[in-house]
Amino acid sequence: MRWNREHLATLKAIVDNGTFDAAARHLLITASAVSQRMRALENQAGQVLIIRGTPCVATDAGLALLRLAKQIELSEAETTAVLEESRTSHSMAMAINADSMATWFARCLPDFAQLEPASIDIRLEDQQHSLELLRTAQVMAAVTSDPHPVQGCSSQPLTVMRYVPAARPDVVVRYTENGKLNWGTLPVVHFNPKDAIQRELLSERNAEPPTQHTVPSSEGFLSAVLAGLGWGAMPLLQCQKYFDNGRLVPLEEGLYVDVPLYWQRWKIESPLLDTVGEIVKKRTQAI
């Protein structure tokens, strides 16, 4: 089935701008023209594509066409750059979890600088939730813990992030009774409500400590544990040096949680997506 590009662009403008009137201003057409294009697109699709409201929200069928609209936009930008023999500016949005950003992913940034004037738009999101950004076409690629690709995407393994539950030695001593750590009273630091590692470890031990902090920053999370607020599960890449100098200790010998990471991206021909994927893969191989 052939889809009208103007109609797809109108769908994207509605979702990006929130309302039909705002989309009309963005496209420099009338609100009536926006409505007519959407009716034509929905007639062709045979179903509702936009839930009218403030803001307007795409249905599942609308999201599929929204992904197509963004893929066309990216392909056109790259094709224009080739035809004009110039480096026309375009952007690529990707979702990265905060722990990767604070550790291995930061090594990708010097390579990304060589992609100028292409713009890299990094969205920080937990690896277990970044698939939603892919599914709703808010990003073109993502680091995720799910190996199963979103529809229209490919998936390849990257690396394994090892998380070690740890705290300051004095904190561990304070909450140890008769040689056994009391998980039920030891304060805990959570990253955010989506962070499941601490909660899963506590659930396995039927523990619910009364003091539970939230620090939604990878660097701040580490600082909170170093300050003695409680324990937290942190990437070994981030906390190994503190084990070496004695500022932190593991809560239990040999206790860790391995989180495999995958690179998911749109399955389209895109030199920019290809290059970014190669950079990310190269940097994880060096871990």
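Counting from 1, residues in each chain are numbered in the order their sequence is written. With pLDDT at 70 or above as the cut-off, local features in this predicted model cover only qualifying residues; side-chain atom pairs require 80 or more to be listed or tallied, and sums for whole chains, interfaces and linings still use all residues. Only hydrogens and water are set aside; all other atoms, that is, all heavy atoms of the structure, feed into the side-chain values.

### Examining unusual backbone geometry
Inference 1: Each neighbour pair has its own omega, and for Thr-54 with Pro-55 the value is 5°, a cis peptide bond.
Inference 2: The residue Pro-55 is located in the loop between strand 1 (50-51) and strand 2 (57-58) in this model.
Inference 3: Of note, Leu-28 is a non-glycine position whose phi angle comes to about 60°, a positive value.
Inference 4: In this description a helix means any DSSP run of H or I spanning at least four residues, a strand means any run of E spanning at least two, and both kinds are numbered starting from the N terminus. Secondary-structure assignment places Leu-28 in the loop between helix 2 (20-27) and helix 3 (31-45).
Inference 5: Buried, partly exposed and exposed residues are distinguished by accessible area as a fraction of the type maximum, computed with a 1.4 Å probe on protein chains only: under 20%, between the cut-offs, and over 50%, respectively. On the accessibility criterion, Leu-28 (76% relative accessible area) is exposed.

### Focus: the packing of aromatic side chains
Inference 1: Each Phe, Tyr or Trp ring, with Trp reduced to its six-membered ring, pairs with another whose centre is within 6.5 Å; inter-plane angles below 30 degrees give stacked pairs, above 60 give edge-to-face pairs, and intermediate values give tilted ones. Tallying each qualifying case throughout the model produces three aromatic pairs.
Inference 2: Where Phe-105 meets Phe-112, the ring centres are 5.8 Å apart and the plane angle is 55°; that geometry is what we call tilted.
Inference 3: For Phe-112, a relative accessible area of 6% corresponds to the buried category.
Inference 4: An angle of 75° between the planes, with centres 5.2 Å apart, marks the rings of Trp-183 and Trp-231 as edge-to-face. Separated by 48 residues along the polypeptide, Trp-183 in the loop between strand 8 (180-181) and strand 9 (188-190) and Trp-231 in the loop between helix 10 (218-226) and strand 11 (232-235) bring together distant segments of the chain. The residues Trp-183 and Trp-231 share a single accessibility class, namely buried.
Inference 5: Linked through ring pairs, Trp-104, Phe-105 and Phe-112 together constitute an aromatic cluster.
Inference 6: The rule is short: NZ of Lys or CZ of Arg within 6 Å of the ring centre and within 35 degrees of the ring normal puts a charge over the ring. One residue, Arg-162, lies across the ring of Tyr-256, its end atom 3.6 Å from the ring centre.
Inference 7: Directly above the aromatic system of Trp-183 lies the positively charged group of Arg-205, at a separation of 4.4 Å from the ring centroid.

### Points about the confidence of the model for the chain
Inference 1: Values of pLDDT, the confidence the predictor places in each residue, fall between 0 and 100. Overall, the predicted model of the chain reaches an average pLDDT of 91, with 96% of residues at or above 70.
Inference 2: Looking over the chain, one finds the lowest element-wise mean pLDDT in helix 4 (residues 60-83), namely 82, and the highest in strand 12 (residues 249-250), namely 98.

### A short note on helix 11 (residues 236-244)
Inference 1: Among the residues of helix 11, those classed as buried are Gln-238, Cys-239, Tyr-242 and Phe-243. Each buried residue of helix 11 lies within a common arc of 125° when the element is viewed along its axis, so the set occupies one face. Those residues of helix 11 that are exposed and aimed more than 90 degrees away from the buried face are Lys-241 and Asp-244.
Inference 2: Positioned one or two residues after helix 11, Gly-246 has a phi angle of 85°, which is positive. Think of it as the arc spanned by the lines of direction from the helix axis to the C-beta atoms.

### Thoughts on the pattern of salt bridges
Inference 1: Criterion for a salt bridge: a side-chain nitrogen of Lys or Arg within 4 Å of a carboxyl oxygen of Asp or Glu. Enumeration over the complete set of coordinates arrives at 16 salt bridges.
Inference 2: One salt bridge connects Glu-204 with Arg-205, and the closest N-O pair in it is separated by 3.4 Å.
Inference 3: A salt bridge links Asp-274 to Arg-265; its shortest N-O distance comes to 2.6 Å.
Inference 4: Overall, the relative accessible area of 11% leaves Arg-265 in the buried class.

### As for the side chain of Thr-10
Inference 1: Tracing the backbone shows Thr-10 in helix 1 (residues 5-17).
Inference 2: Of the polar contacts made by the side chain of Thr-10, one reaches the side chain of Arg-37; its length is 3.1 Å.
Inference 3: Whether two residues touch is decided by their heavy atoms; if any such pair falls within 4.5 Å, the residues are in contact. Beyond its immediate chain neighbours, meaning those up to four positions away, Thr-10 contacts Leu-27, Val-34, Arg-37 and Met-38. Nitrogen and oxygen atoms within 3.5 Å of one another constitute a polar contact, given that in protein one can donate a hydrogen and the other can accept it, and given that sequence-neighbouring residues count only through two side-chain atoms.

### What about the side chain of Ser-100?
Inference 1: With respect to the secondary-structure elements, Ser-100 resides in helix 5 (residues 98-102).
Inference 2: Once residues within four sequence positions are removed from consideration, Ser-100 is found in contact with Phe-105, Ala-106, Val-143, Met-161 and Leu-261.

### Describing the nonpolar core
Inference 1: Counting residues in hydrophobic clusters, the biggest one holds 71 residues, and the most contacted among them are Trp-231 and Trp-263.
Inference 2: With six residues, the single largest contributor to this core is helix 4.
Inference 3: One finds Ala-166, Phe-191, Val-215 and Phe-243 within the second-largest nonpolar core, a separate group that totals 16 residues. Nonpolar cores are built from buried Ala, Val, Leu, Ile, Met, Phe, Trp, Tyr and Cys residues. Side-chain atoms within 4.5 Å join them into one set.

### Brief notes about the pairing of strand 6 (residues 153-167)
Inference 1: Direction of pairing for strand 6 relative to strand 13 (residues 257-266): antiparallel, over a ladder of ten bridges. Across the sheet, the residue bridging to Ser-154 is Arg-265, located in strand 13.
Inference 2: In this scheme, strands are said to pair when DSSP sees at least two bridges between them. By the bridge criterion, four bridges tie strand 6 to strand 11 in an arrangement that is antiparallel. Along strand 11, the bridge assignment pairs Tyr-163 with Pro-235.
Inference 3: The pairing of strand 6 with strand 12 spans two bridges and is classified as antiparallel. When the sheet's bridge partners are listed, Ala-167 is paired in strand 12 with Val-249.

### Concerning the environment of Cys-153
Inference 1: Within the fold, Cys-153 resides in strand 6.
Inference 2: Look past the residues within four positions of Cys-153 in its chain and what remains in contact with it is Leu-134, Gln-264, Arg-265, Trp-266 and Lys-267.

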